[in-house]
Amino acid sequence: MSTFPITDTRQDMRLVPAASACWLAALAGLLLGWWTAVAAGLASAVLAGLVLWRARGRPRVRGAAAALLVLGLLAAGPVAWRIRDAQRDELRTFAAEGLPAALRVVIAERPKPVRSAGYADRQAGARSVVLVADVRTAAVDGRPVPSAGRVLLLAPVAPWASLLPGQEVTATGLLMPPRGSDLTVAVLSVRGPPGEPGPAPWWQRTAAELRAGLHDLCQALPDEPAGLLPGLVLGDTSALSPRVEQEFVTAGLAHLTAVSGGNLAVVCGAVLLLLRLLRLGPRLSAAAAGTCLAGFLVLVGPEPSVLRAGVMAAVALLALALGRRGSALPALAFAVCVLVVADPAMATDFGFVLSVCATAGLVLLAPRWAGALVRRGIPLGFAEGLAIPLAAFLVTAPVLAGMAGSVSLVSVLTNVLAAPVVAPATVLGVLATVTGPWWPGAGKVLVHLADPEARWLITVARHGARAPGAVVAWPGGWAGGLLAAAVLGVLVPAARHRRVRVLMAVLVVGALLVFVPVRVLAPAWPPRNWAMVECDVGQGDAVVLATAEPGRAVVVDAGPEPGPVDECLHRLAVDRIPLLVLSHLHADHIGGLASVFDGRAVGAIAVGPGRSPEWAWRQVAAEAARQAVPLVELNPGERLDWPGLALDVLGPRYVPARSAGQQDGTTINNSSVVLRAETPVGRVLLTGDVELAAQADLLAEVGDLKAEVLKVPHHGSRYSLPSFLAAVAPRVALVSVGAGNTYGHPNKSTMDTLAALGALVTRTDLDGDTAVVTGTAIARRGEPRGPPRR
């Protein structure tokens, strides 16, 4: 967001050609080779020289040409040379061979956690971190190698997550080739802890203590606001739940958790407002705000969008001290020039691109649009509140479309609703961060004052993400981005004509009248008379069994992470769950447990006799205690009845003694609760993740396993007995599996066996949520989740 008043429409364009030429030259060098940066830079310099020669007596044109000449020479010289060094670095050659290496590096940025969904006995969360580092010395396969390039370290989370920028460490592991077009010369897959860590600079240690202090203060809040507030204030999303993170992305609010010019505008603006109230002069005010700016930049870290905003803010404060106005666009162009020359990799960084585009939209478009709305009688505050998110959406839409392969249609509305609370939450969070270490009581009060704002943002994101058609698919990559830019390039100028605006309004209203009633008043999902739904929760399980009472259903398993099962239940309008059954305690069946309770009444949590893995059992017991619901055990032979639904417990038939210690994954799978449900569509056999031994036990000890519907065991793995599948002889076989999973699920032989038995096989990775309705018919929602998070 801009750090300048949007009502100022006077902008100096002289630096724009120079910034554009420098950026394009660096971009060409990174994508096509360093020599293209030389060619582009020299071409810009030659063009600037011709303009200088012909533009005598025109100082503004000569000023723009002089800037273009300087930046063209810089692009052809230092920028191209640095790209050349990275592209010819010897580590890049060894990385292609996958050789072992030992590197002495300096950490350049804070470690970024890599989250993954839980599976089997592995708990969900961050198991590794990514660190950007600069090489000091390198040895590959025991031989010294000259290198001064940039590397990415993919390292275990526990010993590496606490490192700070400026620390020097030794990292050993296997080299891998880099991905993407930047200055990274290699990726090192680190095997052990950091070796011989050096001290971090004192300012980085102070910043780390302040960030940790804010996290500690936020522990007094509920989990979701506690994770969001550090993201809003510092861009620290390490405690943000994956569910809230995805909802912010879908609703077009992800920029709120990535520190940028908006945060700096709030912080510096608050300081300047306070100093103005104290009647201090502009120079002293600018100096004080600049000091706060420098401290805030250290606190949040050197992210590309932060650096862009920091340079812009520094230029703006200098303009304030000198009494100049209309400096927003020159400041943006100057920031682009400085940062691309200092680090050519900025040219391809999506965060930097989005930040520059959004700021340009706010500087060039928002003031004019706000002024036009004011002239039509709309109050200034409302006009700016609409113009700002609309301008930001339009200029960033092509980049986001190409990057994500989708476009959020609700982002303008969600940003309008979110805007009033962002500044208060940011100011309160910053105050809590700086006061907490020496006055914890005041810090806690400030955090509690920011709690309602954080909750409001979560509410806006959640409802925005749930809106029908919130996100539409779009072609990805360069083609998709250029297509989106072309569409906007036609629509925006055309909208200046009254007849075109009327036509567009009629089309929008017509679409709303046609599609909203269909999607909301008479939605295609859920289908009428559904008896069972296999929810698409990625690589995991979650089954919903309807009772005869609308809104009341039994749930079996909760998926690998919060969010997907909650969304599935929300789509089914289930708000009462008399029993939540966890077939076994693997992470991909219990990870979404907490979100099942979101806005729903749950009667009890039922588990089998297994208690492994221990961490999962503790998590389930703690959640049951927190929600004040009983935790009960199911055993073979028990029967449970509700109107329109009955459950018979068939297994597990054998469970190792609890004193046997930690059990392996196969033993835990074979301890799954096996249920046979009597439903309006016939028998439904729910098998958890039972493998060969447990299936053989069921064949031997249960006389009749026949069922019309089978929840295929263990995501369709190869550990399925053909004789077991033949004994069930299902008409419908449902496979719950995640798209792009690395476990080989579902297995081809299992799928072939089911097909040979005449079963209709469905897969959540291809079909999305899948319902079985009266007559054993199948209804597919058809919007499967993407690949599992890694």
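The rules behind each value
- Residues numbered from 1 in each chain as written.
- Predicted model: local features only at pLDDT ≥ 70, side-chain atom pairs only at ≥ 80, totals over all residues.
- Heavy atoms only, no water.
- Axes fitted to C-alpha atoms, helices over the stretch in contact; angles between N-to-C directions.
- Helix = DSSP H or I, 4+ residues; strand = E, 2+ residues; numbered from the N terminus.
- Parallel < 35°, antiparallel > 145°, perpendicular 65-115°, else oblique.
- Left-handed = near helix turned anticlockwise from the far one by under 90°.
- Contact = heavy atoms within 4.5 Å.
- Nonpolar A, V, L, I, M, F, W, Y, C, P; charged D, E, K, R; others polar.
- Salt bridge = Lys/Arg side-chain N within 4 Å of Asp/Glu carboxyl O.
- Buried < 20%, exposed > 50% of the residue type's maximum accessible area, 1.4 Å probe, protein only.
- 1 Å grid on protein atoms, 1.4 Å probe; cavity = no way out; pocket = protein on both sides within 12 Å on 5 of 7 lines; lining within 4 Å.
- Points joined across faces, edges and corners; volume = space filled by probe spheres on them.

Caption draft 1: Representation of the packing of helix H1 (residues 16-32) against helix H2 (residues 34-54). The N-to-C vectors of H1 and H2 enclose an angle of 160 degrees; their axes lie 6 Å apart at closest approach. In terms of their interaxial angle, H1 and H2 are classed as roughly antiparallel. Between H1 and H2 the crossing geometry is right-handed. Residues Ala21, Ala25, Ala28, Gly29 and Leu32 of H1 form the contact with H2, whose participating residues are Trp34, Trp35, Thr36, Ala37, Ala40, Gly41 and Ser44. When grouped by side-chain class, the residues that make up the contact of H1 with H2 number eight nonpolar, four polar and no charged.

Caption draft 2: The pattern of salt bridges, seen in detail. Applying the stated criterion to the full structure yields 31 salt bridges. A salt bridge links Asp566 to Arg243; the shortest N-O distance between them is 2.0 Å. Within this pair, whereas Asp566 is found in helix H20 (residues 564-571), its partner Arg243 is found in helix H8 (residues 242-250), the two being separated by 323 residues in sequence. Grouping residues by exposure puts Asp566 and Arg243 together as buried. In this structure, the salt-bridge partner of Asp641 is Arg639, at a minimum N-O distance of 3.5 Å. Looking at Asp641, the relative accessible area reads 49%, which means it is partly exposed. Exposure remark for Arg639: the relative accessible area of 45% places this residue in the partly exposed category. Each of Glu224, Arg243, Glu247, Arg462, Arg466, Asp566, Glu567, Asp598 and Arg600 takes part in a single network of salt bridges with overlapping partners.

Caption draft 3: Focus on empty space enclosed by the protein. Counting across every chain of the model gives two cavities of 30 Å³ or more. Roughly 70 Å³ of internal volume is contained in the largest cavity. Taken together, Ser583, His584, Leu585, Val607, Gly608, Pro609, Gly610, Arg611, Ser612, Gln663, Ile668 and Ser671 make up the lining of the largest cavity. For the lining of the largest cavity, the class distribution of residues is four nonpolar, seven polar and one charged. A volume near 50 Å³ is recorded for the second largest cavity. Every residue lining the second largest cavity is listed: Asp541, Ala542, Val543, Val556, Asp557, Ser583, Val673, Leu686, Thr687, Gly688 and Lys711. By residue class, the composition of the lining of the second largest cavity is five nonpolar, three polar and three charged.

Any functional reading would require information that these geometric values do not contain.
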